[in-house]
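Residue-level structure breakdown
Here is what each chain is made of, one letter per residue.
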Amino acid sequence: MFQRWCEVCFLHWPVDPDELQKLLPKGLTVDTWDDKAWIGIVPFRMEGIRFRYMPAIPGTSAFPEMNVRTYVRHDDKPGVWFISLDAASALAVATARAWFGLPYFHAKMSTRNENGTIHYASMRKPGPASLEGWYRGVGAVEPAKPGSFDHFLVERYCLYAAKRGRILRGDIKHEPWPLQRAETELAFRDLSPLPLPDIEPVRHYAAAVDVDIFSPYVVG
C-alpha cells in the first residue's frame, strides 16, 4: 500500500521493560534505550491511501489515526509493536484487523490545522479511551542522526503483529522523518496499558512522509 502520514506528533514516556515484556507475545523482545522501555502515543492524519498500482477508493483514502506503540526486536531486527490503533474509518479498522491482526479500534475523530497548530480529538467507540487537545511543530526541521535517541524512537522500518499464534512482520519504506520539536497540550485517558510516569513526555513533530507498506509475512 501507499500512504501519506501527515501532521504527526510523537509523545514518548519511559516504562519498566520487565513489565512491558509481560505484554508481548513469545518471540518478541522489548527494545530499550538507557535500560528503559518506551511507550509512544502518536496522533496523526493519513491521506492518499491506496493499494499499489490502484486508484484510491473514494471516502476511504484520508482520515485521522492514532497509535499507541512500543519498540521491540525479533532476531535482532528492530521494529514497532502496536498496543492499539484508533482510526476514524470503520473499513480501515476491519481491513487491518483481518489482513494483519492489528489491534485496531473504530473511533470518532477530528483534526484541523489552524495556522500550524493541530487541534485533535479522538474518542473510541465505545469509550473511554480518548485524546483531545492541540500540538504544533516548532524550530528547525532536522532528521534524527543515526545512533541517537531520536533515531531510536522514530526511525523504525518494520512493524510486528501476532496472528493465530504466529509473529508477522510488515516492512515499510520512507524517507527520514523531517523532525521538529513539538509543543503540546493534550489530555488522554485509558490509552496506555501501563501507568505512565508523571513527567513531561519526549515530544517530536513531523509535517509529513510518504510511506510504502509491504505485505506481512511470518517470521516466528
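First things first, this report covers the structure right here in the doc. (Residues numbered from 1 in each chain as written. Predicted model: local features only at pLDDT ≥ 70, side-chain atom pairs only at ≥ 80, totals over all residues. Heavy atoms only, no water.)

1. A closer look at unusual backbone geometry
Filter applied, for reference: Only DSSP runs of H or I reaching four residues or more are called helices, and only runs of E reaching two or more are called strands; each is numbered from the N terminus.
With an omega of -10°, the peptide bond between Lys125 and Pro126 qualifies as cis. Position of Pro126 relative to the elements: it lies in the loop between β7 (117-124) and β8 (130-138). Here the bond from Gly127 into Pro128 is cis, since omega is 15°, no more than 30 degrees from zero. Looking at the element boundaries, Pro128 is found in the loop between β7 and β8. Located in the positive-phi region is Asp34, a residue other than glycine, with phi close to 55°. Residue position: Asp34 is located in the loop between β2 (29-30) and β3 (37-50).

2. A short note on the pairing of strand β11 (residues 179-189)
Going by this rule: DSSP-based pairing: two strands are paired if at least 2 bridges between them are found.
Strand direction decides the pairing type here: β8 and β11, joined by nine bridges, are antiparallel. In the sheet register, Val138 faces β11, and the bridge partner there is Arg181. With two bridges connecting them, β11 and strand β12 (residues 202-213) associate as antiparallel partners. Bridging across to β12, Gln180 finds its partner in Tyr205.

3. Section: the pattern of salt bridges
Basically, it comes down to this: Here a salt bridge means any side-chain nitrogen of Lys or Arg lying within 4 Å of a carboxyl oxygen belonging to Asp or Glu. Between buried and exposed lies partly exposed: a residue is buried under 20% and exposed over 50% of the maximum accessible area for its type, with that area taken using a 1.4 Å probe on protein chains only.
Enumeration over the complete set of coordinates arrives at 14 salt bridges. Between Arg4 and Asp210 there is a salt bridge whose closest N-O contact spans 2.6 Å. One end of the pair, Arg4, is in strand β1 (residues 2-15); the other, Asp210, is in strand β12, and 206 residues separate them in sequence. A relative accessible area of 29% means that Arg4 is categorised as partly exposed. Connected through shared salt-bridge partners, Arg4, Glu7, Arg45, Glu47 and Asp210 make up one network.

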